[in-house]
Amino acid sequence: MRKNIIAGNWKMNMDYTTGIGLFSEIVNMVNDEVMGDQQVIVCPPYIHLNGMAQLAKSQNNISVGAQNCHQADKGAYTGEISAEMIQSVGVKYVILGHSERRQYFNESNTLLAEKVNSALKNNLKPIFCIGETLDQRNSNSHFEIIKNQLQEALYHLLETEFQNIILAYEPVWAIGTGLTATPDQAQEVHAFIRKEIEEKFGQSAAENVSILYGGSCNPTNASELFAKADIDGGLIGGASLKSRDFLDIIKAFNRG
Ligand code: 13P
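Residues numbered from 1 in each chain as written. Predicted model: local features only at pLDDT ≥ 70, side-chain atom pairs only at ≥ 80, totals over all residues. Heavy atoms only, no water.

> Would you mind going over the overall build of the chain with me for this structure?
Per the secondary structure count, the chain includes 12 helices and eight strands. C-alpha atoms of the chain, sized along the principal axes, occupy 45 × 45 × 35 Å. Residue burial in the chain is summarised as follows: out of 256 residues, 54% are buried. Counted over contacts in the chain with a minimum sequence separation of 6, partners at least 24 positions apart contribute 72%. Carbon and sulfur atoms form 48% of the exposed surface of the chain, whose accessible area is close to 11,300 Å². The positive charge centre, built from 21 side chains, and the negative charge centre, built from 29, are 3 Å apart in the chain. (Helix = DSSP H or I, 4+ residues; strand = E, 2+ residues; numbered from the N terminus. Buried < 20%, exposed > 50% of the residue type's maximum accessible area, 1.4 Å probe, protein only. Contact = heavy atoms within 4.5 Å. Areas by Shrake-Rupley, 256 points an atom, 1.4 Å probe, with all protein chains shown as cover. Lys, Arg positive; Asp, Glu negative; His and termini not counted. Charge placed at Lys NZ, Arg CZ, Asp CG, Glu CD.)

The structure is reproduced here in structure tokens:
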């Protein structure tokens, strides 16, 4: 059965010392307070990955993820970091397709398909983000947009490859805005995504894929969102930078 997952996306925040300190605090708090079997994944900027992966080594339920990777293994790509390099420091996950990467760095579904391939080849599990803008929702094209994102970036995979994918539904209008999708709005899209996955990859793939919700998720709204049948956890931005808030979101998972 699918896993319950809470992932923190630190985005471009935290200098090295503060970040390692925050992660140590999170590890201690998870060990002290969390009883369920939910998986916690923290995705810091690249510079923290090595140090945090060392701290996470002995932890069963806490892992580290990157926020991006380049599609090639190596080469003359000044400033870039590959999936091969990321996995070499003991990291297990990578966020791909975040709307900020799509918007500010022009990442297309076609490019993302290549990044997904590179991540899988290097044993990194992608946390693959999909979601619509406000205009797309207002024009009622959100289902079509999401279907297209799935088709173009993931539908070339074999079912055995798809088993390593975690999905995250992040409506762009809810990211960092304080506007959360209502639990019913999120559930409607999550159920749609699961049905699409079932059509493409079969029932077992659909039942086993974790679909996280992201967008202004906080300790107050988390439990209502996570109580929905097709919402298997959260991808948390702002609230993952405060250990108390992040822990309260992790603990909001009452199906664990
Ligand atoms: P916020 O939780 O800050 O809205 O960010 C969500 C997000 O983009 C996680 O990837």
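What follows picks up the thread again.
> Would you explain the site of the ligand in this entry?
Residues in contact with the ligand, as listed here, are Asn 9, Lys 11, His 98, Glu 170, Ala 174, Ile 175, Gly 176, Gly 215, Ser 216, Leu 235, Gly 237 and Gly 238. Considering the ligand on its own, with 310 Å² of exposed area, one finds that the protein chains cover 95% of that surface. The class makeup of the residues in the shell around the ligand is three nonpolar, seven polar and two charged. (Near = heavy atom within 4 Å. Nonpolar A, V, L, I, M, F, W, Y, C, P; charged D, E, K, R; others polar.)

> For this particular structure, what's the right way to read the nonpolar core?
Generally speaking, nonpolar side chains in soluble globular proteins are found buried as a group. Counting residues in each nonpolar core, the largest one holds 68 residues, and the members touching the most others are Phe 128, Leu 154, Leu 167, Ile 193, Ile 197 and Phe 226. Top element by residues in this core is helix α1 (residues 16-33). It accounts for seven residues. By size, the runner-up hydrophobic cluster in this structure holds 12 residues, among which are Ile 41, Ile 127, Ala 168 and Leu 235. (Core = buried A, V, L, I, M, F, W, Y, C linked by side-chain atoms within 4.5 Å.)

> I keep staring at the sheet that holds strand β7 (residues 211-214) and nothing clicks. Help me out?
Think of a sheet as strands paired side by side through backbone hydrogen bonds, with each pair either parallel or antiparallel. A barrel is described by the order of its strands in space; here eight strands give the closed sequence β1-β2-β3-β4-β5-β6-β7-β8, paired in parallel fashion. Within the sheet, the average angular offset between the axes of one strand and its neighbour, ignoring direction, is 25°. Sheet topology places strand β1 (residues 5-9) next to strand β2 (residues 39-43); five bridges connect them, and they run parallel. Counted as the bridge partner of Asn 9 is Cys 43 from β2. The sheet strands contacting helix α2 (residues 46-56) are β2 and β3 (62-66), and the helix crosses β3 at an angle near 165°. (Pairing = 2+ DSSP bridges. Axes fitted to C-alpha atoms, helices over the stretch in contact; angles between N-to-C directions.)

> Sorry if this is basic, but what is going on with the environment of Phe 246 here?
Tracing the sequence through the fold places Phe 246 in helix α12 (residues 243-251). Phe 246 gets classed as buried once you look at its relative accessible area, which sits at 1%. Remark: the alpha-carbon pair of Phe 246 and Ile 86, spanning 160 residues in sequence, is separated by 24 Å. Sequence-distant contacts of Phe 246, that is, excluding residues within four places in its chain, are made with Ile 6, Ala 7, Gly 8, Ile 26, Val 40, Ile 41, Val 42, Ile 236, Ala 239 and Ser 240.

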